[in-house]
Amino acid sequence: MARITAALAVIALFAVFPSMEATQYIVGDDRGWSSNVDYYSWIAGKTFHVGDSLVFNYPTMMRHNVLVAANSDVYDNCDAAPNYGIWTSGSDVFTLPTTGTYYFTCEYDCDLGQKIKVEVNS
């Protein structure tokens, strides 16, 4: 009887949490992090969860970076400060640590649309 109860508990756990694996998203897919990508279209239909990660790929010889804006005003106005960090490796990975809204921009091409707002669910 104990084995049946334990087995049912495991089945119930998978029914409630069907997938506990994090997803890695390549921002912009094969076009990467660039000013000529429609990020509103790219993000449409995607659901982000705590633990998922975003990979920002871009050529380091170009003037690009990834800036994590501290709030929506910084994001909306394409300001560089305040921010939570600026990455410049050309293959930057940002893991979404908590629920909430994250704002990513390129401090050089934000005004050309190189920015993305990510809503993270639990």
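You'll find the structure just up there.
Below or above, wherever it landed, is the structure these notes cover. Everything quoted here is computed from the prediction, not taken from an experiment. (Residues numbered from 1 in each chain as written. Predicted model: local features only at pLDDT ≥ 70, side-chain atom pairs only at ≥ 80, totals over all residues. Heavy atoms only, no water.)

A few words now on the side chain of D109. Relative to the helices and strands, D109 resides in the loop between strand 7 (100-105) and strand 8 (115-121). For the buried D109, no salt bridge exists, and the shortest N-O distance to an oppositely charged side chain is 5.9 Å, to R63. There is a polar contact of 3.5 Å between the side chain of D109 and the side chain of H64. Ignoring any residue separated from it by four or fewer positions in sequence, one finds D109 in contact with S35, R63, H64 and Q114. (Helix = DSSP H or I, 4+ residues; strand = E, 2+ residues; numbered from the N terminus. Buried < 20%, exposed > 50% of the residue type's maximum accessible area, 1.4 Å probe, protein only. Lys, Arg positive; Asp, Glu negative; His and termini not counted. Salt bridge = Lys/Arg side-chain N within 4 Å of Asp/Glu carboxyl O. Polar contact = N/O pair within 3.5 Å; in protein donor to acceptor, adjacent residues only side chain to side chain. Contact = heavy atoms within 4.5 Å.)

Take the sheet that holds strand 6 (residues 91-95) next. An order of 1-3-6 is seen for the three strands of this open sheet, with the pairing classed as mixed. A single partner strand is all that each edge strand has here, and the edge strands are strand 1 (24-26) and strand 6. Going from strand to strand, the sheet's axes swing by 20 degrees on average, the running direction of each strand aside. (Pairing = 2+ DSSP bridges. Axes fitted to C-alpha atoms, helices over the stretch in contact; angles between N-to-C directions.)

Time to look at the sheet that holds strand 8. Pairing is mixed across the open sheet formed by five strands, whose spatial order is 2-8-7-4-5. At either margin of the open sheet sits one strand with a lone partner, and together these are strand 2 (48-49) and strand 5 (83-87).

For the rest of this paragraph, the subject is the side chain of D92. Turning to its location among the elements, D92 is positioned in strand 6. At 15 Å, R63 is the nearest oppositely charged side chain to D92, a buried residue that forms no salt bridge. Polar side-chain contacts of D92 include one of 2.4 Å to the side chain of S89.

Looking now at empty space enclosed by the protein. Empty space left among the atoms is revealed by rolling a probe the size of a water molecule over them. Applying the stated criterion across every chain, the model contains one cavity of 30 Å³ or more. F56, V66, W87, D92, V93, F94 and F104 together form the lining of the largest cavity. Among the elements that take part in the lining of the largest cavity, strand 6 stands out by supplying three residues, more than any other. The class makeup of the residues in the lining of the largest cavity is six nonpolar, no polar and one charged. (1 Å grid on protein atoms, 1.4 Å probe; cavity = no way out; pocket = protein on both sides within 12 Å on 5 of 7 lines; lining within 4 Å. Points joined across faces, edges and corners; volume = space filled by probe spheres on them. Nonpolar A, V, L, I, M, F, W, Y, C, P; charged D, E, K, R; others polar.)

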